[in-house]
Amino acid sequence: MTKLTFLLQTSNGVPVMGLAKNDTVIFDSASDATLLGSRDYRSVLQTGLRSIGAELNELTEIFVDIGPGGLGITRTGVAFANGLGFALDIPTIGLPAFDLLGTQLADQTDDPVVIIRKAANPFVHFGIFKAGKLAHYEHCEREIAVKHIQRLDKYAIAGNVDIEGIDAPEVNAATIKTMLKVAKRHAIPDTNARAYPIVEALS
Amino acid sequence: MRKYVLGIETSCDDTSVAIVAQDGSVLAIKTVSQYEVHQAFGGVYPELASRAHLEAILPTIQNVMNEANVSPDDLKAIGVTRGPGLIGSLLIGLSTAQALSMGWGVPVYGINHLRGHMRSVDLEEQRTQYPAVVMLVSGGHTLVAHLSDPWSYRLLGTTRDDSVGESYDKVARMLGLGMPGGPAIDAAAKRGTPVLRLPRPMKNEGYEFSFSGLKSSVARHIEKHPEVSVDDMSASFVAACLDVLIAKAERAVIECQPKSLIIVGGVAASPQLRDGMAKLTQDHGISLCLPPIKWATDNGAMIGLATWDYIEKGIKPDLIPKPNLSLETP
Ligand SMILES: [Zn+2]
């Protein structure tokens, strides 16, 4: 059976959507400057479907970014993805943003990937991705994250927090191709599966 | 035959969904309260509210559709609150409705929550006679408006600071009466006597309201006289609020000469307010429209019924949340 996958990434604040047929990305909103960052998910998805000559009801599964990152935008992305999965009776599967970012950089380096994203001051989201998976994650004070990083000899870094004395993050978004790669690691659950954002501790 | 509207309300702290026919009949309604989520914070915590909406919204929609035995093919439209309200909460309803609309091929309308409240009075039974004067008194809103028909509203006045419901909650907290403040104060007021003469802010001026001064004078009095009877204090506070609300309603009735006076919103559940307004309408020989108490607070059915007005008028506002949407903008 042909799989038509809808992918939606939001948590870095610049939404990107993709469509993939089996193992191949066939639409990527990031490649069109007029679509990149649009919060009108419905019209971007319609544009994508039109460009590949597919109908909405051909979608077989949805993968959506569940953060951590921008709280509001992650939730609206998840709400849209869940609503669409519900309406089409197909599964909606959540992908943690740190798996996406870690995988994005791990393809280019053998070093561990440090991921650090802004949270409500003085906190950050901090993670270390190595050997193909997120080995460590915590919502912690910035200083604690810095100590973790200083313990590492070599590392690549992703996210959106600039820290003095530490390399600036290289990326804060994964490509749709990477998102599909992460998605492929997941077994496809029942059609009534829905995604929920990573719960951020409230300060 | 597409003869129902799915109404979705997520503007504040309740996730409410209903299936409503054009005549106002409600096939099913489910409201998931977040009362317990916010209790510890002494008020609505916006981040938690949007998270709770996200968890509740699809199961609630599913429940309502099952109970009403309605499928997407039976839906004429989806109506969803677009404002006013908390932006994070509005976004969950709007994004979900947008996706359902796309997936089901059913049009979606962004609805003004205040228009929903106005229409709540005609749920299950046509009660309003036009022209009408409507007073909306709740935790989130206080306003008085003139309605020449179900669509055409003229805002006469709104509050400059706290809503009536907010000041009820704040005074209830000062008096140690707990939450929700409205019913607690009403009950205490019934036992007490309004011995204290509290100020009636803006009672004799136009249609605008201001309740924060009244709340402050309650605070000052409690500070000076900690021995004050909670029941008497409540009775004095309720008397002052009602005095202002009834004076404004009466001014609007005299100026607009309506056929009916409509009282909607959570505070419309107050027995003292209901009695006061009943007397006013009797004196002026007009009808009083009070929705049953279950429709007085935020609910998806009022949004569903308001949606039919938008369908009829062919007005389809965008689905961008409007936290400060006014009554006069659809
Ligand atoms: Zn309301």
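Here the structure is a predicted model, which is why all the values come from computation and not from measurement. For every chain, the first residue of the written sequence is number 1, and numbering continues from 1 onward in sequence order. Labels are handed out in written order, letters beginning with A for the chains and numbers beginning with 1 for the ligands. Reporting in this predicted model follows two pLDDT cut-offs: at least 70 for local features of residues, and 80 or more for side-chain atom pairs to be given and counted; totals over whole chains, interfaces and linings ignore these cut-offs and use all residues. Derived side-chain values reflect all non-hydrogen atoms in the structure, with water molecules and hydrogen atoms excluded from consideration.

K.L.:
Would you mind going over the overall build of chain B with me for this structure?
P.N.:
Under the DSSP-based scheme used, a helix requires at least four consecutive residues in state H or I and a strand at least two consecutive residues in state E, with every element numbered from the N terminus. Summing up its helical and strand segments, chain B has 10 helices and 10 strands in all. Over its C-alpha trace chain B gives a radius of gyration of 20 Å, about what one expects of a compact globule, namely 20 Å for 330 residues. Seen through its principal axes, chain B has C-alpha atoms that stretch 60 × 45 × 30 Å. Scored against the burial criterion, the 330 residues of chain B give a buried share of 58%. Whether two residues are in contact is decided by their heavy atoms, any of which lying within 4.5 Å being enough. Once local pairs closer than 6 in sequence are excluded, the contacts in chain B between residues at least 24 apart make up 75%. Methods summary: accessible areas were calculated by the Shrake-Rupley approach with a probe of 1.4 Å, and residue burial reflects only the protein chains presented. Surface accessibility of chain B: about 12,600 Å² in total, with carbon and sulfur atoms responsible for 51%. Only four residue types enter the charge count, namely Lys and Arg as positive and Asp and Glu as negative; His and the chain termini do not. Positions of charges follow a simple convention, taking NZ of Lys, CZ of Arg, CG of Asp or CD of Glu. Averaging the positions of the 30 positive and the 35 negative side-chain charges in chain B gives two centres separated by 3 Å. With the radius of gyration taken over C-alpha atoms, the globule rule is written as 2.2 Å times the number of residues to the power 0.38. Burial here depends on accessible area, computed with a 1.4 Å probe over protein chains only, as a share of the maximum for the residue type. Under 20% is buried, over 50% is exposed, and the range in between is partly exposed.

K.L.:
Is there a simple way to think about the UniProt feature "binding site: Fe cation" (unreviewed entry) in chain B in this case?
P.N.:
Residues and elements named next belong to chain B. This chain's UniProt record puts "binding site: Fe cation" (unreviewed entry) on His113, His117 and Asp298. For this annotated set, covering 186 residues, all C-alpha atoms fall within 8.6 Å of each other, a compact arrangement in space. With respect to the helices and strands, the residue His113 is situated in helix α4 (residues 113-119). Residue classification places His113 among the buried positions, given a relative accessible area of 0%. In contact with His113, other than residues within four places in its own chain, are Glu9, Ser11, Thr81, Gly83, Pro84, His141, Asp298, Met302 and Ile303. A polar contact is formed between the side chain of His113 and the side chain of Ser11, at a distance of 3.4 Å. Here Asp298 is to be found in the loop between β10 (287-289) and α10 (300-313). When near neighbours in sequence (up to four residues on either side) are disregarded, Asp298 contacts Glu9, Ser11, Cys12, His113 and His117. Identification of polar contacts relies on pairs of N or O atoms within 3.5 Å, with a donor-acceptor requirement for protein atoms, meaning one able to donate a hydrogen and the other able to accept it, and with residues adjacent in sequence counted only if both atoms are side-chain atoms. Within the local environment of Asp298, its side chain forms a polar contact with the side chain of His113, the two groups lying 3.2 Å apart. UniProt positions are given in the numbering used here, feature names are shortened, and annotations may be inferred rather than shown by experiment.

K.L.:
Sorry, what's going on with the interface of chain A and chain B here?
P.N.:
Much of the literature gives interface size as the accessible area that the parts lose upon coming together. Between chain A and chain B, the contact holds 24 residues from the first and 22 residues from the second. When chain A packs against chain B, the two sides together hide about 2,000 Å² of surface, and 70% of this comes from carbon and sulfur. Put simply, a salt bridge is a Lys or Arg side-chain nitrogen that is within 4 Å of an Asp or Glu carboxyl oxygen. At the boundary of chain A and chain B, one finds one salt bridge. For Glu47 of chain B, the salt bridge identified is with Arg75 of chain A, shortest N-O distance 3.3 Å. Mapped onto the side of chain A that touches chain B, the elements with two or more residues apiece are α1 (41-52) and α2 (71-88) of chain A. Top element by residues in the side of chain A that touches chain B is α2 of chain A. It accounts for 12 residues. A class-by-class count of the residues in the side of chain A that touches chain B yields 14 nonpolar, five polar and five charged. Defined here as a combined quantity, buried area equals the accessible surface (1.4 Å probe) lost by two parts on assembly, summed across both. Any residue that is not Ala, Val, Leu, Ile, Met, Phe, Trp, Tyr, Cys, Pro, Asp, Glu, Lys or Arg is counted as polar, Gly included; the first ten are nonpolar and the last four charged.

K.L.:
Is there a simple way to think about the domain arrangement of chain B in this case?
P.N.:
All names here are of chain B. Each domain's limits were defined by an automated method or a database of domain assignments. Here chain B is partitioned into domain 1 (4-119 + 295-313) and domain 2 (128-289). Centre-to-centre separation of domain 1 and domain 2, based on C-alpha positions: 27 Å. In this assembly, 13 residues from domain 1 lie in contact with 15 residues from domain 2. Carbon and sulfur atoms supply 68% of the area buried between domain 1 and domain 2, which totals about 1,400 Å² over both sides. Per-residue buried area on domain 1 facing domain 2 is highest for Arg115, His117 and Met118; these three make up 42% of the total on that side. Here domain 1 and domain 2 share zero salt bridges between them. The tally of links from domain 1 across to domain 2 stands at four residue pairs in polar contact (both at pLDDT 80 or more). Listed by contribution, the elements that provide at least two residues to the side of domain 1 that touches domain 2 are α4 and α10. Per element, the largest residue contribution to the side of domain 1 that touches domain 2 is six residues, and it comes from α4. Grouping the amino acids of the side of domain 1 that touches domain 2 by side-chain chemistry returns five nonpolar, four polar and four charged.

K.L.:
What am I meant to see in the sheet that holds strand β3 (residues 26-33) of chain B here?
P.N.:
Picture the strands of a sheet paired through backbone hydrogen bonds; they go either parallel or antiparallel. Residues and elements named next belong to chain B. What makes two strands pair is DSSP finding at least two bridges between them. Read from one edge of the open sheet, five strands run β3-β2-β1-β4-β5, paired in mixed fashion. The open sheet terminates on both sides in strands that have one partner only, identified here as β3 and β5 (108-112). On average, each strand axis in the sheet is tilted by 20 degrees relative to the strand beside it, whichever way the strands run. When strand β1 (residues 4-9) meets strand β2 (residues 14-20), the two strands line up antiparallel, connected through five bridges. Paired with Val5 across the two strands is Val20, which belongs to β2. Axis angles are defined between N-to-C directions and span 0 to 180 degrees, where every axis is a line fitted to C-alpha atoms and, for a helix, only to the segment in contact. On the sheet, helix α3 (residues 87-104) packs against β1, β4 (75-83) and β5 and is oriented at approximately 160 degrees with respect to β4.

K.L.:
Mind showing me how you'd approach the coordination of the zinc ion here?
P.N.:
Four donors placed tetrahedrally about a metal ideally form angles of 109.5 degrees, and six donors placed octahedrally ideally form angles of 90 or 180 degrees. Residues and elements named next belong to chain B. Water is absent from the atoms considered, so a metal site may look incomplete; donors are defined as N, O and S atoms within 2.8 Å of the metal, or 3.2 Å for Na, K and Ca. Every protein donor of the zinc ion is listed here as His113 (NE2), His117 (NE2), His141 (NE2) and Asp298 (OD), and their distances to the metal cover 2.1 to 2.4 Å. Every geometry call rests on angle ranges, with four donors termed tetrahedral when all angles are between 85 and 135 degrees, four termed square planar and six termed octahedral when opposite donors are over 155 degrees apart and all others are between 65 and 115, and everything else termed irregular. In this structure, the zinc ion is surrounded by four donor atoms whose angles at the metal cover 85 to 167 degrees, and the resulting shape is irregular. When the donors of the zinc ion are listed by position in the chain, the intervening gaps give H-x3-H-x23-H-x156-D. Of this pair, His117 sits in helix α4 while Asp298 sits in the loop between β10 and α10; the two residues are 181 residues apart in sequence, bridging distant segments of the chain. Asp298 carries the same exposure label as His117, and that label is buried.

K.L.:
Looking at this structure, how should I read the sheet that holds strand β2 (residues 16-21) of chain A?
P.N.:
Residue and element names in this part refer to chain A. Judged by pairing direction, the sheet is mixed, and its five strands sit side by side in the order β3-β2-β1-β4-β5 without closing on themselves. Edge positions in the open sheet fall to β3 (24-28) and β5 (92-95), since each of these has one partner strand only. Sheet twist, expressed as the average angle between the axes of neighbouring strands with direction ignored, equals 25 degrees. Here four bridges tie strand β1 (residues 4-9) to strand β4 (residues 61-65), and the two strands are oriented parallel to one another. The residue bridging Thr5 from the neighbouring strand is Glu61, located in β4. Along the sheet, α2 makes contact with β1, β4 and β5, crossing β4 at roughly 170 degrees.

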